[in-house]
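# Examination of the molecular architecture
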Amino acid sequence: DYVTISCEEDITQAALRKSPGYSSKDDTVDIIYKIDCGQRLELLGDSQRADGLTWWNVEWNGYIGWMADHTGSGRTILIFE
């Protein structure tokens, strides 16, 4: 299954993180890559809940990590196909 990063609601990039949730206050440690909106990612497994959000294990261009499907304020990040 695949998802696409939304370009709606002023989303221009989404952070691919090492683990679900905001595990580090230092984003330079936790963020693997910032992926531009419109990019398609492969879903690798079940979701996990962390920090009040649903996080998905995804792969994009050889990078594997976690991405929330919404922002903390409720804006949609991932569009499910």
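Below is a summary of the structure that appears in this document. Just so you know, these numbers come straight off a predicted model, no measurement behind them. (Residues numbered from 1 in each chain as written. Predicted model: local features only at pLDDT ≥ 70, side-chain atom pairs only at ≥ 80, totals over all residues. Heavy atoms only, no water.)

Counting 14 residues, the largest nonpolar core has Ile5, Ile35, Leu41, Val58, Met67, Ile77 and Leu78 as its most contacted members. Those elements that place two or more of their residues in this core are β1 (2–5), β2 (13–17), β4 (40–43) and β6 (53–60). Those residues in contact with Ile5 that lie beyond four places of it in its chain are Ile11, Ala14, Ile35, Asp36, Cys37, Gly38, Gln39, Leu41, Met67, Ile77 and Leu78. Formed by five residues, the second largest nonpolar core is a distinct cluster that contains Ala50, Leu53, Trp55 and Ala68. (Core = buried A, V, L, I, M, F, W, Y, C linked by side-chain atoms within 4.5 Å. Buried < 20%, exposed > 50% of the residue type's maximum accessible area, 1.4 Å probe, protein only. Helix = DSSP H or I, 4+ residues; strand = E, 2+ residues; numbered from the N terminus. Contact = heavy atoms within 4.5 Å.)

Positioned with a positive phi, Asp10 is a non-glycine residue whose angle comes to about 65°. Structurally, Asp10 is set in the loop between β1 and β2. Overall, the relative accessible area of 72% leaves Asp10 in the exposed class.

Attention now moves to the pattern of salt bridges. If you walk through the whole model with that rule in mind, you get two salt bridges. One salt bridge in this structure joins Asp30 and Arg17, with 2.8 Å as the shortest N-O distance. Taken together, the positions of Asp30 in helix α1 (residues 27–30) and Arg17 in strand β2 put the pair 13 residues apart, joining distant regions of the chain. Considered together, Asp30 and Arg17 belong to a single accessibility category, that of buried residues. Between Glu81 and Arg40 there is a salt bridge whose closest N-O contact spans 2.9 Å. Taken as a pair, Glu81 in the segment after β8 (78–80) and Arg40 in strand β4 lie far apart in primary sequence, 41 residues in all. (Salt bridge = Lys/Arg side-chain N within 4 Å of Asp/Glu carboxyl O.)

Burial along β1 is one-sided: the residues Val3 and Ile5 are buried and none of Tyr2 and Thr4 is. Taken together, the three bridges between β1 and β4 define a ladder with antiparallel strand orientation. Directly across from Val3, in β4, lies its bridge partner Leu41. In the sheet, β1 pairs with β8 via three bridges, with the strands oriented antiparallel. Bridge pairing in β8 links Val3 to Phe80. (Pairing = 2+ DSSP bridges.)

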